[in-house]
Each structure stands twice: as structure tokens, then as C-alpha cells.
Amino acid sequence: MNTIFGWVLASAGVALGGSIVANMYFHGNGAELPEGVQPGYPIEAVEGGEGGGEAVEPIGNRLAVADIAAGEAAFARCQSCHQVTAGPSGLGPNLNGVIGSTIGAHASDFAYSAAIKAHGGQWTYEALDQWLTKPSTFIPNNQMSFPGLSDPQTRADVIAYLHSAGGGGPDFPPPVAADAPAEGETDGAGADEAATDQPGEAAGAVATDGAVPTAQPATANQNNT
């Protein structure tokens, strides 16, 4: 037994000594790095998919076609910390009725971080969309470890689920209509039709710049409609 205890103590001493030496050499317990070693840096993901720079549909448009069942499935990863039904908070604040509430003051039984309490404002649909995109960017220095949801429609699905199962909230923002054609402009078919109906110089003008001749205001209105 003495031999066994001796080897155990000797092994522990070697491990402890090795750890101390390694920390001293590699500066494991300090901010300094060994000479010649360069610090790494985080790589930020590009929003909007692999192509980058792609426009994201307004939240109202995405909520109009949101799939609540898909939102519930996506929210499953959040249930270890949050719940949407009324009740006490867990590791994270209870989210029942969070939509439209004050940021950092919704769940009275939860200790929000100083960064979230200082942010102010309300949990609007737009704010929730930005938060779910990347919490650390929307409110820097908060204690939320969740990296975010990169897919815009998934975020809308989760928000729709929070609205449906989590106590409701304000009405969804209305969808934003696509930009209508400028007055006097037509699509390719309209330009070709106008060019066919107008002989001579008028037809040439339509084919060149897309302007509808003033002699046919009714056709221009139909195309714009």
C-alpha cells in the first residue's frame, strides 16, 4: 500500500510540476504571449449567405409567410434556458409576453446583464430579428452565448412561434410591397406592344428609352397596374 501511495503521489507531483512549468513557459495564466507569437483574431461570418451582400426581406414580409411549426422546431435549441409559457425564469429569462416589452426589464425574476439593462427600447419585431441574427452584435458585452440564426426566414419562424405560443403581442408589421415601376415605365412586353402600336418615330422612341408615348395614357396605366 505504501508503494502504491508513493507512486500516486509521485505522479501527482510530476503532473503539477509539469503544469506549472508549462504555464510559465506559455504564459497560460496571463495576457502576455511568448516572444514571436502573434495573437489570433475572430473571423466574422458574412451575412446574406455565401454570396454576401444579398438583401434581406423586411421582417413583415417574412412574418406573413412564417411557419409556426418550423419556428417551434428551431426554438427547441433554446428550451434549455428559456420557456414561452408563463412561469419562473430558468437559466435565461422567461419569454412569455416578451414581444413589445422593455428590453432588460421583461422578466422581473431574472438578473439581466448591465449591457442589456442599459440598452433600453422595446422588443419590437425588428429588434428581435436583429437580436436573433447575432446577440453579441445587437447588444455588445451581453452574457448571451447563443451565436445567432443566420437564416432570415428561420428567425421570422421563431418570432412567429413566440407570438403564437408565448402570450401574443402587437400585430405583425405589414408586408412591404415591392417597388412599383416609375411612372411612364413599362416592362419588356409593354415596350414591345407600344412599339408595335406606334408607327414611325413614336415607335422608335419607345424601343430606345422605354418611355410610353403620351398618345396612349390608358395603356401606360394598365402596365403600371
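Let me begin by describing the structure that accompanies this report.

Definitions and limits used
- Residues numbered from 1 in each chain as written.
- Predicted model: local features only at pLDDT ≥ 70, side-chain atom pairs only at ≥ 80, totals over all residues.
- Heavy atoms only, no water.
- 1 Å grid on protein atoms, 1.4 Å probe; cavity = no way out; pocket = protein on both sides within 12 Å on 5 of 7 lines; lining within 4 Å.
- Points joined across faces, edges and corners; volume = space filled by probe spheres on them.
- Helix = DSSP H or I, 4+ residues; strand = E, 2+ residues; numbered from the N terminus.
- Core = buried A, V, L, I, M, F, W, Y, C linked by side-chain atoms within 4.5 Å.
- Buried < 20%, exposed > 50% of the residue type's maximum accessible area, 1.4 Å probe, protein only.
- Contact = heavy atoms within 4.5 Å.
- Polar contact = N/O pair within 3.5 Å; in protein donor to acceptor, adjacent residues only side chain to side chain.
- Disulfide = S-S within 2.5 Å.

Now for the layout of surface pockets. Where empty space is left can be seen by rolling a probe of water-molecule size over the atoms. Of the volumes computed, that of the largest pocket is approximately 640 Å³. Around the largest pocket sit 29 residues that line it, and His82, Gly92, Pro93, Trp131 and Met144 are the ones nearest its centre. Every element with two or more residues in the lining of the largest pocket is listed here: helix 5 (125–133) and helix 7 (152–165). At three residues, helix 5 tops the list of elements feeding residues into the lining of the largest pocket.

With that settled, consider the nonpolar core. By size, the foremost hydrophobic cluster in this structure holds 30 residues, and its most contacted members are Leu63, Phe75, Trp123, Trp131, Phe138, Ile139 and Ile159. Of all elements in the fold, only helix 2 (59–64), helix 3 (68–75), helix 4 (114–119), helix 5 and helix 7 reach the threshold of two or more residues within this core. Here this core gets six residues from one element, more than from any other, and that element is helix 7. When near neighbours in sequence (up to four residues on either side) are disregarded, Ile139 contacts Ile103, Ala115, Ile116, His119 and Trp131.

Right, let's talk about the environment of His106 for a bit. Locating His106 in the fold gives a position in the loop between helix 3 and helix 4. Judged by its relative accessible area of 22%, His106 falls in the partly exposed class. Among all residues touching His106, those that are not within four sequence positions of it are Asn94, Leu95, Asn96, Gly97, Val98, Ser101 and Tyr112. Within polar-contact distance, the side chain of His106 engages the backbone oxygen of Asn94 at 3.3 Å. Of note is the side chain of His106, whose polar atom sits 2.8 Å from the backbone oxygen of Asn96.

Looking now at the state of the cysteines. By the definition in use, this model includes zero disulfides. Cysteine Cys78 shares no disulfide, and the gap to the nearest cysteine sulfur, in Cys81, comes to 8.3 Å. Judged by relative accessible area, which is 19%, Cys78 ranks as buried.

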